[in-house]
Amino acid sequence: MNAQLTPSNREKVIPFAAGIAITLLTFLLLYQPWQSGLHDLTRAEGIFAAEAMEFRPGLPVCSAHGVIIRGDAPLYPLLAAGLHALGLPLIPALRLLSLAGTVLTATLVFRATRAARTPEAALIAMTVFLSFLLTVDKTFVATPQPLAAFGLLAAHLVWFHHGVRRGNWNRAWLASCAVMVPTIWAGGMKMLLFYLFPLIFMRRPLTIWPKLNRPGTIVGAVLIAAGLLLWIAPQWLTNAPSSGREFAGWEWDWLRGFPFDLLLRLLPWSLLLWIPFCAALHPLDATPIFGRFLRTISGSLFFLLWLSPGWRSPDMLFLAAPLAIQIGCGYELAARRYSTQIRLLGKAAALFTCLTAFALFFFLLLPEQLLHTAFDLDFAISFRRDWAYIIPSLAITAGLLAGGTAGIFGNKRNPVWLHFLFAAAAGGMFWWTVIHPYQAQDHRRAEMGDLLAAILAEENLPPDHPVYKIDIQEFYCEGSRLRHPIRKISMLNEIPDREPVVYLLATEFPQYPRRDWKNLLPAQKQRYFGKRLGLWRGTVHPENGE
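Now for a look at the structure at hand. Note that residues are indexed from 1 along each chain, following the sequence as it is written. Selection of residues for local features in this predicted model requires a pLDDT of at least 70, selection of side-chain atom pairs for listing and counting requires 80 or more, and totals for whole chains, interfaces and linings are taken over all residues. Side-chain measures were taken over the full set of non-hydrogen atoms in the model, leaving aside hydrogen atoms and water.

**Considering a nonpolar patch on the surface**
- On the surface, L24, L25, L28 and W34 cluster together into a nonpolar patch covering about 440 Å² of accessible area.
- To qualify as a helix, a DSSP run of H or I must reach at least 4 residues; to qualify as a strand, a run of E must reach at least 2; elements of each kind are numbered from the N terminus. Residue placement: L25 occurs in helix α1 (residues 16-31). Like charges within 9 Å and nonpolar side chains (Val, Leu, Ile, Met, Phe, Trp, Tyr) within 5 Å are joined into patches, using only residues over 30% in relative accessible area that form no salt bridge. What sets the accessible areas is the Shrake-Rupley method with a 1.4 Å probe; for residues, cover comes only from the shown protein chains. What makes a salt bridge here is a side-chain nitrogen of Lys or Arg within 4 Å of a carboxyl oxygen of Asp or Glu, nothing more.

**Quick look at helix α5 (residues 119-131)**
- One fewer than the residue count of a helix, multiplied by 1.5 Å, yields its expected span. Across its 13 residues, α5 extends 18 Å between first and last C-alpha, which sits within 8% of the 18 Å expected from 1.5 Å per residue.
- Classification of residues uses two cut-offs on accessible area relative to the type maximum, computed with a 1.4 Å probe and protein chains only: under 20% is buried, over 50% is exposed, and between them is partly exposed. The buried count for α5 comes to 11 of 13 residues, which makes it a mostly enclosed element.
- Contact partners of the buried residues in α5: α1, α4 (90-116), α6 (133-140), α14 (317-337) and α18 (416-439). Working rule for contacts: check all heavy atoms of both residues, and any pair within 4.5 Å makes them a contact.

**Notes on the packing of helix α2 (residues 43-54) against α4**
- A fitted line through C-alpha atoms serves as each axis, taken over the contacting stretch for helices, and the angle formed by two N-to-C directions is quoted from 0 to 180°. In the contact formed by α2 and α4, the axes pass within 11 Å of each other and the chain directions differ by 110°. Here α2 is positioned roughly perpendicular relative to α4, judged by the angle of their axes. For the pair α2 and α4, contact is made by E45, F48, A49, A52 and M53 and by L90, L94 and R95, respectively.
- Classes in brief: Ala, Val, Leu, Ile, Met, Phe, Trp, Tyr, Cys and Pro nonpolar; Asp, Glu, Lys and Arg charged; the others, Gly included, polar. By residue class, the composition of the contact of α2 with α4 is six nonpolar, no polar and two charged. Each angle gets one of four labels, with under 35 degrees taken as roughly parallel, over 145 as roughly antiparallel, 65 to 115 as roughly perpendicular, and the rest as oblique.

**Observations regarding the pattern of salt bridges**
- The tally for this structure, following the rule as stated, stands at 10 salt bridges.
- In this structure, K138 and D137 form a salt bridge, with 3.3 Å as the shortest nitrogen-oxygen distance.
- Under the relative-accessibility criterion, K138 is labelled buried at 10%.
- Notably, a salt bridge pairs E478 with R445, separated by 3.9 Å at the nearest N-O pair. Remark: R445 occurs in helix α19 (residues 444-458) and E478 occurs in helix α20 (residues 476-479); sequence separation between them is 33 residues.
- On the basis of relative accessibility, which here comes to 4%, the residue E478 falls in the buried class.
- Among the residues examined, R445 registers a relative accessible area of 22% and is labelled partly exposed.
- The structure contains a network of salt bridges with shared partners spanning D137, K138, D261 and R265.

Quick look at the structure:
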């Protein structure tokens, strides 16, 4: 039976300053920005690194190895190139921009929830957003989605504030369209679809024309059109080759697995996702219009992502902020009306925290040889011997165990949302303590890039001398270590004959008899990820020279 709405069912209210401190500590544990440059670029991040290195402010196009990437928006590589020009290394610059987008979105989540409800609800909403597994996962890698998610949320909230709340539709369309211009530059043309599609399902559709037939709507549309023109026109004006990212059409696995994949990525808070959509709570909602607006946003985006072809997991991030605001706004009411169920879910989260803490203790304290025997490990785990690593890890793990134990056996009026926060922190601790330092030992791409850079440095090339590549699809991570531009070619006769000496990355011997070719890579380095690789120096025959 549901608990009655009595003061005895209220959870203890954590002082606001203490709640902020807890959230800040959890944020530092989950994200650890000081480690943003320790892990090598992944394959997905490499193309953004290439775009940032080749970005020119006077020509805002996204190119990688001399090939324009259609559909990629220019704001993210522009900002990364700017930070890199100021002296920040490229890898931290790319990842810190993703982190900045997440922090900005969390701030906006807090402000929106605070305006609608209470400071405690705002704190919960911000905590939920920052500790989603999805948010942590997509923030740690270099991707423009966090910046685009911030812009999309800002545009929708501005539209609601000025239009629905204040009735100033002129300002609502103008301001939200103005926000969408940099958002489209951050996330691409699809952001316009993500912005407009949910607005179609707002209430009172027969009154849409009076809301649209205003000067602000026209000016806003002109702003968006101008932003698109400034982005797309340079691609028409350049003669560089172009290529689009691989488009993944309809996939049965995506259609079948999207809802379950999303629930997993929203852990541990997916256990509370029923709160915004519980019909019994809607009549008791203190802000019913705002709640209905957020449900429309999240519901329409969910089905758009699920049933449209071509989306990928980073795009799920656009759902995180609206869902976090809804959980924050509805948590107090749900915790009182369904106190028994909420506490049971909290105990499950606390149990997960305890089990994860025990697993961490075993990893930190068991003999290394025993772990090698139990698991098939490709790399050493000798990093456990570092006291700067082991002491903080043991201390934090002990704190997590204490928090999980308190969640299971503590006072029933303790805030249950803290149990979910501890569970998220335990998952983050497992990542940073076990998975990240283990994977961070794989520096094969960085080592290959450094080796190529050292070989080319011995050749005394000028900085603008290009290195060509053929029959190699990626190589973006390795190329980010070079001090020379890489240009992709499809045929060897595209190499200018006027260059007496050229350098070519290829998997096979270049069949181009006009030049003498020599592989500069050491013999033991000519097998790379199971494939052949060569850095070939091609010198023009004397009889072919001028």
